[in-house]
Amino acid sequence: MQENKEIKALFHLIDDPDEEVFSNVSTRIVSYGRGIIPNLENLWENTINEGIQERIEVIIHKLHYHDLTEDFQRWKTSSFQDLLTAALLVSKFQYPDLATTTVLQEVEKLRRNIWLELNSYLTPLEQVNVLTSIIYGYYNLKGTEVGYQHPEEFLINKLIETKRGNTIINGVLYLILSELLDIPVKAINIPRQFVLAYIKPDTFEESAIGTKDAFQRVEFFIDPLSGQVFTHKDVENYFKRVSIPPTSGYFKPVSHIRIIQVLLEEFSKCFDSDKNSYKQKELLELAALLND
């Protein structure tokens, strides 16, 4: 972007010790849009003061965040809320210049490898065993418990790169592949867990499903940490152990919007330090943006 007098004046004020002045300056710079990022990067490269460099980084982040907010808004209002698209948007919070081609290609390779092993005669359990054996065996995906010291374990691009992710992002990949292959695996709302379920096809209204019906609609449950299958008895025992009475809502499929909200909310917990608290606030704002 061609630097005019106002931009030069704004850049000169980036080092103002008054936080209110800096806030106003950064807001005005952000109003120029992404086109000003190369100018800011050039300023960063020609600045030796680390404090000023940090402020420039904050402004660049705000510019990316503004665009990301608009991308999430478009995804929310789209006719089909594609889960892979949204997972990549979450990755772009940390990697704004992320090239998505590699992720898309790897997902397609996985889909094709699984598809080659499927046929119309397989039982639900056999279908899921194919999925699980390819993802966790052939592809060698590793699962980790959710931990907030490793933000990269919430991101699908890092999952593809390192073949290591936590329960949530592993589950997101499992759901993406299931949908691409027309296998009725859905996320459900089990308390304190991110659990998948193979849902039997039905012909009655969701709103009319009682607890027993919702529970029986589930063929079996899947732990996305490893792909292990759980029975109805396993889940009944879990509810007894945590002293929570099961209700129908726990066994109904969760929407793509809610899945991404959970991913954003849990991801935000990685940024609870004073230095990174603004990132936590922004991630929670993105989650709230997805509310109806």
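Residues numbered from 1 in each chain as written. Predicted model: local features only at pLDDT ≥ 70, side-chain atom pairs only at ≥ 80, totals over all residues. Heavy atoms only, no water.

Points about helix H1 (residues 5-12)
Among the residues of H1, those classed as buried are Ile-7, Leu-10 and Phe-11. Each buried residue of H1 lies within a common arc of 100° when the element is viewed along its axis, so the set occupies one face. Along H1, exposed side chains directed more than 90 degrees from the buried face belong to Lys-5, Lys-8 and His-12. Where H1 is buried, its residues touch helix H2 (19-30) and helix H3 (37-45). (Buried < 20%, exposed > 50% of the residue type's maximum accessible area, 1.4 Å probe, protein only. Helix = DSSP H or I, 4+ residues; strand = E, 2+ residues; numbered from the N terminus. Arc of directions from axis to C-beta. Contact = heavy atoms within 4.5 Å.)

Focus on the pattern of salt bridges
Evaluated as defined, the whole model comprises 11 salt bridges. A salt bridge links Arg-28 to Glu-6; its shortest N-O distance comes to 2.8 Å. Note that Arg-28 is positioned in helix H2 and Glu-6 in helix H1, a separation of 22 residues in sequence. Judged by its relative accessible area of 33%, Glu-6 falls in the partly exposed class. Between Asp-67 and Arg-34 there is a salt bridge, with its nearest N and O atoms 3.5 Å apart. Here the residue Asp-67 occupies a position in helix H4 (residues 50-77), and Arg-34 occupies one in the loop between H2 and H3, the gap between them amounting to 33 residues. Here Asp-67 falls in the buried class, since its relative accessible area comes to 18%. (Salt bridge = Lys/Arg side-chain N within 4 Å of Asp/Glu carboxyl O.)

Quick look at the side chain of Arg-111
Within the element layout of this structure, Arg-111 appears in helix H6 (residues 101-117). Apart from residues no more than four positions distant in its own chain, Arg-111 is found in contact with Leu-177, Leu-180 and Leu-181.

Overview of the environment of Pro-191
As for its position among the elements, Pro-191 is in the loop between strand S3 (185-188) and strand S4 (195-199). Along the sequence, Pro-191 and Asp-18 sit 173 residues apart, while their C-alpha atoms lie 46 Å from each other. Not counting chain neighbours up to four residues away, the residues in contact with Pro-191 comprise Tyr-238, Phe-239, Ile-244 and Tyr-250.

Notes on unusual backbone geometry
Of note, Arg-192 is a non-glycine position whose phi angle comes to about 65°, a positive value. For Arg-192, a relative accessible area of 65% translates into the label exposed. The backbone phi angle of Ser-243 is positive, close to 55°, even though this residue is not glycine. Along the chain, Ser-243 turns up in the loop between helix H11 (232-241) and helix H12 (256-268). Accessibility expressed as a relative area gives 62% for Ser-243, which makes it exposed.

All we've got here are geometric facts, nothing functional implied.
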